[in-house]
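Spelled out, the chains give:
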Amino acid sequence: MKAKGTPGLAALLAQVRACTHCAAHLAAGPRPIVQAGSGARIVIIGQAPGARVHASGIPWDDASGDRLRDWTGLSPTLFYDPERIALLPMGFCYPGTGESGDLPPRPECAPFWHERVLAELPAVRLVLLVGTYAQQRYLSPARRQSLTERVRAGMAAGGHMFPLPHPSWRSTGWIQRNQWFGLETLPALQSAIGAALA
């Protein structure tokens, strides 16, 4: 196990933040956004930064982030503590906008970086898989299940991995149709987070 604050993670994050691998595909240009510390107990794997996050450079600095923090019960101070919470999107850069919203995360990003970053996080106890892209990568049966089936299964679907819908406004209708999410899933999520941080 590496000591807290070793150059390994710091050097790797510097490489991530300097990455221009997908620059030709990014209309707004590359600006990789990531948060991690070697003591992190929880990893939140989301989709990709939106325009507001691209502008600020702060992960989850938007309405989706507000909703995610509400779901998790994490204060902004705790959420943005890299020694407690690692924030690792499927695509580190804002992919731009398509006909019906933001484009998908660049497919090259997670295969290129995730394994290396996760290897530098030895204290992780819980991984939140936020949205379909993260779930399809990290849950083996995810491609054969609906989002509803994955989220309803909770941690039973992936051991220490907790699948969640993306907390954007687009999920509002889904949440209204699935009342169990607020009544059952969110209390279970907050309990799992408390245990991971204890």
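Data block above holds the structure.
Once a new chain begins, its residue numbering starts again from 1 and follows that chain's sequence as written. Residue-level local features of this predicted model are given only where pLDDT is at least 70; pairs of side-chain atoms are given and counted only at 80 or more, and the full residue set underlies all totals for whole chains, interfaces and linings. Excluded from the side-chain calculation are hydrogens and water; included are all heavy atoms of the structure.

Student: Explain the packing of helix H3 (residues 63-72) against helix H9 (residues 180-197) to me, and be specific about the residues and the numbers.
Tutor: For the pair H3 and H9, the least separation of the axes is 8 Å and the interaxial angle reads 80°. The pairing of H3 with H9 is recorded here as roughly perpendicular in orientation. Across the interface between the two elements, Asp70, Trp71 and Thr72 of H3 pack against Phe181, Leu186, Leu189, Gln190 and Ile193 of H9. Residues were grouped as follows: Ala, Val, Leu, Ile, Met, Phe, Trp, Tyr, Cys and Pro as nonpolar; Asp, Glu, Lys and Arg as charged; and all remaining residues, including Gly, as polar. A breakdown of the residues in the contact of H3 with H9 according to their chemical character gives five nonpolar, two polar and one charged. The axes used here are C-alpha line fits, helices contributing only the stretch in contact, and every angle between their N-to-C directions lies in the interval 0 to 180 degrees. Helix and strand definitions here come from DSSP, where helices need a minimum of 4 consecutive H or I residues and strands a minimum of 2 consecutive E residues; each element is numbered from the N-terminal end. What sets the label is the angle itself: under 35 degrees gives roughly parallel, over 145 gives roughly antiparallel, 65 to 115 gives roughly perpendicular, and the rest give oblique. We call two residues in contact when some of their heavy atoms are within 4.5 Å.

Student: Explain the sheet that holds strand S6 (residues 161-164) residue by residue, including any values.
Tutor: We call two strands paired when DSSP finds no fewer than two bridges between them. Here four strands make up an open sheet; going across it, the order is S2-S1-S5-S6 and the pairing parallel. Looking along the sheet, the strands with just one partner apiece sit at the ends: strand S2 (85-87) and S6. Sheet twist, expressed as the mean angle between neighbouring strand axes with direction ignored, is 20°. Both strand S1 (residues 42-45) and S2 contribute to a ladder of three bridges, which runs parallel. Paired with Val43 across the two strands is Ala86, which belongs to S2. This element, H9, spans S1, S2, strand S5 (126-130) and S6 of the sheet and lies at about 145° to S6.

Student: Report on the nonpolar core, specifying residues and quantitative values.
Tutor: Nonpolar core, defined: a set of buried Ala, Val, Leu, Ile, Met, Phe, Trp, Tyr and Cys residues in which side-chain atoms within 4.5 Å join the residues together. The rule is simple: take the accessible area with a 1.4 Å probe, protein chains only, and divide by the maximum for that residue type; under 20% is buried, over 50% is exposed, in between is partly exposed. Counting 25 residues, the largest nonpolar core has Ile42, Ile44, Leu128 and Phe181 as its most contacted members. When residues of this core are traced back to their parent elements, those giving at least two are S1, H3, S2, S5, S6, helix H8 (172-177) and H9. Among the elements that line this core, the one with the most residues is H9, at eight residues. Leu12, Cys19, Cys109 and Leu121 belong to the second largest nonpolar core, which has 24 residues in total.

Student: So what about the packing of aromatic side chains? Which residues, and what values?
Tutor: Each pair of aromatic rings taken from Phe, Tyr and Trp, with Trp reduced to its six-membered ring, is defined by centres within 6.5 Å and is described as stacked if the planes are under 30 degrees apart, edge-to-face if over 60, and tilted in the remaining cases. Applying the stated criterion to the full structure yields six aromatic pairs. On the basis of an interplanar angle of 75° and a centroid distance of 5.0 Å, the ring pair of Trp71 and Phe181 is categorised as edge-to-face. Remark: Phe181 occurs in helix H9 and Trp71 occurs in helix H3; sequence separation between them is 110 residues. Residue classification places Trp71 among the buried positions, given a relative accessible area of 4%.

Student: Can you explain the side chain of His114? Please cite residues and give values.
Tutor: Secondary-structure assignment places His114 in helix H5 (residues 109-119). Whenever two N or O atoms come within 3.5 Å, that pair is a polar contact, provided that in protein one can donate a hydrogen and the other can accept it, and provided that, for residues adjacent in sequence, both atoms are side-chain atoms. A distance of 2.8 Å separates the side chain of His114 from the backbone oxygen of Pro89, its partner in a polar contact. His114 has contacts with Ile45, Leu88, Pro89, Met90, Phe92, Cys109 and Tyr138, leaving out every residue within four places of it along the chain.

Student: Describe in detail unusual backbone geometry, supporting the description with residues and values.
Tutor: A positive phi angle, close to 60°, is found at Trp60, a residue other than glycine. Mapped onto the elements of the fold, Trp60 is located in the loop between helix H2 (51-56) and H3. Residue class for Trp60 comes out buried when judged on its relative accessible area of 12%.

None of the figures reported here should be taken as evidence of function without further support.
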